[in-house]
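# Descriptive analysis of the structure
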Amino acid sequence: KAGVTQTPRYLIKTRGQQVTLSCSPISGHRSVSWYQQTPGQGLQFLFEYFSETQRNKGNFPGRFSGRQFSNSRSEMNVSTLELGDSALYLCASSISGTGAFFGQGTRLTVV
Amino acid sequence: AQKVTQAQTEISVVEKEDVTLDCVYETRDTTYYLFWYKQPPSGELVFLIRRNSFDEQNEISGRYSWNFQKSTSSFNFTITASQVVDSAVYFCALSEPRTSGTYKYIFGTGTRLKVLA
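All of the points below concern the structure found in this document. Small disclaimer: the values here were computed from a predicted structure and weren't measured.

### What to know about the interface of chain B and chain A
Contact with chain B, which involves 20 residues of that partner, is made by 23 residues of chain A. The junction of chain B with chain A conceals about 1700 Å² of combined surface from both sides, 54% of it contributed by carbon and sulfur atoms. In this structure, the connection of chain B to chain A is made through zero salt bridges. Counting across the chain B and chain A interface gives four residue pairs in polar contact (both at pLDDT 80 or more). Secondary-structure elements contributing two or more residues to the side of chain B that touches chain A are strand 5 (33–39), strand 6 (46–52), strand 10 (88–97) and strand 11 (103–107) of chain B. For the side of chain B that touches chain A, the element with the most residues is strand 5 of chain B, which contributes four residues. Taken together, the residues of the side of chain B that touches chain A sort by class into ten nonpolar, seven polar and three charged.

So this is what it looks like as structure tokens:
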């Protein structure tokens, strides 16, 4: 069974640009969550999608948005990038409360 | 409020030493799950173990063992005879059902383990 796939693995963007990250969950998993991890920081919850609907949102500005498609794949978008958005973005898929399974992450660098 | 506390920010041990990573949680729910994840330098969080709130049996998997005690709301993780490859950040987490029908995962701040050769 394939795991969670995140693309791309690495990105370098310039301040002011926008970026889209992609996450393909484990087959059969309908819940996809996104987290931001900055150096030395824990996991900051961004948002969660279930059945194409955003069910929960963390405390991030509106520049961070996402969506989920009918095949449960999810995308996350960050507009007007700032230097502080440089981070590892992790996607997790789950089928219930019995475990969240993570992708390898996308390492975003904003210069 | 739900919370997961990993008081140890960083631990350094010499190879072959045993090390215990502490995790204390808070929840009002009677049904929940507890987890440990390992994050090596590559970045991916690797699922290590899950425990449900009704199962207090300790578990051993090779050099890894977990001690779940509801009386103290703790779910500690011990690595026996540590190896350099165990060097990573370890996260403890708790999941609870949300009113939206999905599950909320709450992560601790992580413990960085350095195993020195």
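### Notes on the state of the cysteines
Residue and element names in this part refer to chain A. In total, this model carries two disulfides over all chains according to the counting rule given. Put simply, cysteine 23 and cysteine 91 are joined by a disulfide, and their sulfur atoms are 1.7 Å apart. For the disulfide bridge between cysteine 23 and cysteine 91, the dihedral angle about the S-S bond is near -55°, and by the sign convention the bridge is left-handed. Taken as a pair, cysteine 23 in strand 3 (residues 19–24) and cysteine 91 in strand 9 (residues 87–94) lie far apart in primary sequence, 68 residues in all. Of the two residues, cysteine 23 and cysteine 91, both sit in the buried class.

Definitions and cut-offs
- Residues numbered from 1 in each chain as written.
- Chains lettered and ligands numbered in written order.
- Predicted model: local features only at pLDDT ≥ 70, side-chain atom pairs only at ≥ 80, totals over all residues.
- Heavy atoms only, no water.
- Contact = heavy atoms within 4.5 Å.
- Buried area = accessible area lost by both parts, 1.4 Å probe.
- Salt bridge = Lys/Arg side-chain N within 4 Å of Asp/Glu carboxyl O.
- Polar contact = N/O pair within 3.5 Å; in protein donor to acceptor, adjacent residues only side chain to side chain.
- Helix = DSSP H or I, 4+ residues; strand = E, 2+ residues; numbered from the N terminus.
- Nonpolar A, V, L, I, M, F, W, Y, C, P; charged D, E, K, R; others polar.
- Disulfide = S-S within 2.5 Å.
- Buried < 20%, exposed > 50% of the residue type's maximum accessible area, 1.4 Å probe, protein only.

Treat this as a map of the structure, not an account of what it does.
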